[in-house]
Amino acid sequence: MSNLSSCLVIDLEISNNELLEIGICVVDFKNDTLDHFDSWLIKTVLPIDPKVVELTGITDELVKKEGRKLEEVLNTTRKKYSKHLPWGAWGFDGQFLTRYVQNKGLILPFGESYFNFGQVFNFIHSPEKKVSLDDALAAYGLIFEGSKHRAKEDAYNLGKLLLQMLRRKNNDTRNST
């Protein structure tokens, strides 16, 4: 990742196999910062699963009030962020989003380069088992900030983890020379 100047970090909240919320932040590797935090609620067809309401605090009423059509959110994202930026997510979010958008006959507004940051972390640290974002943050001495299971906060915390992973890699590289 050290050759990249920046990338998009995406997080999703999902209910009943429908996209419920998408959160994005930009990780600027060159300046060692996180920028442009966004999230959008997506209008759903099915009622939100009560377990998802409990986890996220997102209700049917909130989605009716603030939710936007998926196509509108994708267009907003396309205009705001470069479609050439690489992007990534933790776990299956990237695969889900790609498949979900394609099944709707729409086009992803992101670059072709995709990273599963959960797989990257597991490859580096614990290839024998999957690790949660909370455990990955803890491995770097970081604490989750914000509300868990909200896309914007999850994307922010994942971005924070990526920056810390890169800092450690750069320190290890400098110390070994």
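About the thresholds
Residues numbered from 1 in each chain as written. Predicted model: local features only at pLDDT ≥ 70, side-chain atom pairs only at ≥ 80, totals over all residues. Heavy atoms only, no water. pLDDT = per-residue confidence, 0-100. Helix = DSSP H or I, 4+ residues; strand = E, 2+ residues; numbered from the N terminus. Salt bridge = Lys/Arg side-chain N within 4 Å of Asp/Glu carboxyl O. Buried < 20%, exposed > 50% of the residue type's maximum accessible area, 1.4 Å probe, protein only. Arc of directions from axis to C-beta. Contact = heavy atoms within 4.5 Å. Polar contact = N/O pair within 3.5 Å; in protein donor to acceptor, adjacent residues only side chain to side chain. Pairing = 2+ DSSP bridges.

Draft legend 1. Fine view of the confidence of the model for the protein. Looking at the protein as a whole, its pLDDT mean stands at 92, while 95% of the residues score no less than 70. Across the protein, element-level confidence peaks in helix α2 (residues 60–66) with a mean pLDDT of 98 and bottoms out in helix α7 (residues 151–175) with 86.

Draft legend 2. Region of the structure containing the pattern of salt bridges. Counted under the stated rule, the structure contains 6 salt bridges. Linking Asp 38 and Lys 80 is a salt bridge whose minimum nitrogen-to-oxygen distance equals 2.7 Å. With Asp 38 in strand β3 (residues 33–41) and Lys 80 in helix α3 (residues 70–80), this pair connects stretches of sequence that are 42 residues apart.

Draft legend 3. Spotlight on α3. Leu 70, Val 73, Leu 74 and Thr 77 are the residues of α3 that are buried. Buried positions in α3, seen along its axis, are confined to an arc of 100° and lie on one side of it. Looking at the buried residues of α3, the elements they touch are β2 (18–28), β3 and α4 (93–103).

Draft legend 4. Just the side chain of Glu 21, in detail. Relative to the assigned elements, Glu 21 resides in strand β2. Of the residues examined, Glu 21 reaches a relative accessible area of 1% and is grouped as buried. A polar contact of 3.0 Å, which involves the side chain of Glu 21, links it to the backbone nitrogen of Ala 151. Apart from the residues within four sequence positions on either side, Glu 21 is in contact with Asp 11, Leu 12, Glu 13, Ser 39, Trp 40, Leu 41, Ile 42, Ile 58, Arg 150 and Ala 151.

Draft legend 5. Just the pairing of strand β1 (residues 6–15), in detail. Of all 10 residues in β1, 9 are buried; the element is thus mostly enclosed. Here 10 bridges tie β1 to β2, and the two strands are oriented antiparallel to one another. Pairing of Ile 10 across the sheet is with Ile 24, part of β2. Joining the antiparallel neighbours β1 and β2 is a turn of 2 residues, in which Asn 16 adopts a positive phi near 50°. Here β1 runs beside strand β4 (residues 87–89); their pairing, made up of 2 bridges, is parallel. Note that in β4 the partner of Val 9 across the bridge is Gly 88.

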